[in-house]
Amino acid sequence: MKEIKINEENIIKFIDNLRIQDKEELIYTHGKKYKQKFIEIIFKLDDYYFLSYCNIPIAMGGVVNLNNNKGQVWLLSTNEEYKHRFYLYKYIKNKINLFKNSYDFLFNYIYKSNFEALKWLTKFDFKFKNTENTDFKFFYYIKGENFDL
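Everything numeric here is computed off the predicted structure, so don't read it as measured data. (Residues numbered from 1 in each chain as written. Predicted model: local features only at pLDDT ≥ 70, side-chain atom pairs only at ≥ 80, totals over all residues. Heavy atoms only, no water.)

A. Structural detail: the overall build of the protein chain. The secondary structure content of the protein chain amounts to 5 helices and 7 strands. When the helices and strands of the protein chain are listed from N to C terminus, the series reads β-α-α-α-β-β-β-α-β-α-β-β. Taken over C-alpha atoms, the radius of gyration comes to 15 Å for the protein chain, in line with the 15 Å a tight globule of 149 residues would show. Expressed along its principal axes, the backbone C-alpha trace of the protein chain runs to roughly 45 × 30 × 30 Å. Each of the 149 residues in the protein chain was classed as buried or not, and the buried ones make up 45%. Nonlocal contacts in the protein chain, meaning residues at least 24 apart in sequence, comprise 65% of its contacts between residues at least 6 apart. Carbon together with sulfur atoms contributes 49% to the accessible area of the protein chain, which is approximately 8900 Å² in total. Of the side chains in the protein chain, 24 bear a positive and 19 a negative charge, and the two mean positions are spaced by 3 Å. (Helix = DSSP H or I, 4+ residues; strand = E, 2+ residues; numbered from the N terminus. Rg over C-alpha atoms; globule rule 2.2 N^0.38 Å. Buried < 20%, exposed > 50% of the residue type's maximum accessible area, 1.4 Å probe, protein only. Contact = heavy atoms within 4.5 Å. Areas by Shrake-Rupley, 256 points an atom, 1.4 Å probe, with all protein chains shown as cover. Lys, Arg positive; Asp, Glu negative; His and termini not counted. Charge placed at Lys NZ, Arg CZ, Asp CG, Glu CD.)

Below is the structure:
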């Protein structure tokens, strides 16, 4: 598995093979035109990783740098993720630790059916809060005691 640069062909291949949980989340947040919206967004990001194995996209994630040392972490993966779970878990854990060193507060929302991601986030020391929208859970990591939720 290696990290690759994004290009439109790889992004389309990636989106067309998303895990059902990730596809449901993108449809919920961006509507039926989620593919077009994702392509527009991804090319604007600076801090991301895109992993492939033998030119088959596996996972993509990163952090969106917000103000005041806050970051919005994210991760999407394809059905190929299951074949490479061990390596992917180790890679993502290292990336999350780098993000934790760089940001005082990391967060995002996770779709209710994304049970595997909930399990991984727990192992990565993220905490959870229910939201008014029962389709999503809020997850977060706080470095130190300087933030109020």
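B. Representation of the sheet that holds strand 3 (residues 56–65) within the structure. On the basis of which strands lie adjacent, the open sheet formed by 7 strands has the order 1-2-3-4-5-7-6 and mixed pairing. Looking at which strands have only one partner, the edges of the open sheet turn out to be strand 1 (2–3) and strand 6 (127–130). Pairing of strand 3 with strand 4 (residues 70–77) involves 7 bridges; the strand directions are antiparallel. Residue pairing in the sheet places Ala59 in a bridge with Ser77 of strand 4. Contacting strand 2 (48–53), strand 3 and strand 4, helix 1 (residues 8–16) crosses the sheet at an angle of about 100° to strand 3. Contacting strand 1, strand 2, strand 3, strand 4, strand 5 (105–111) and strand 7 (136–142), helix 4 (residues 85–102) crosses the sheet at an angle of about 170° to strand 2. (Pairing = 2+ DSSP bridges. Axes fitted to C-alpha atoms, helices over the stretch in contact; angles between N-to-C directions.)

C. The arrangement of the pattern of salt bridges in detail. For the structure shown, the criterion picks out 8 salt bridges. For Lys35, the salt bridge goes to Asp16, with nearest N and O atoms at 2.8 Å. Here the residue Lys35 occupies a position in helix 3 (residues 34–42), and Asp16 occupies one in helix 1, the gap between them amounting to 19 residues. Taking the relative accessible area as the measure of exposure, Asp16 reaches 46% and is therefore partly exposed. Residues participating in the shared-partner salt-bridge network are Glu81, Arg85 and Glu116. (Salt bridge = Lys/Arg side-chain N within 4 Å of Asp/Glu carboxyl O.)

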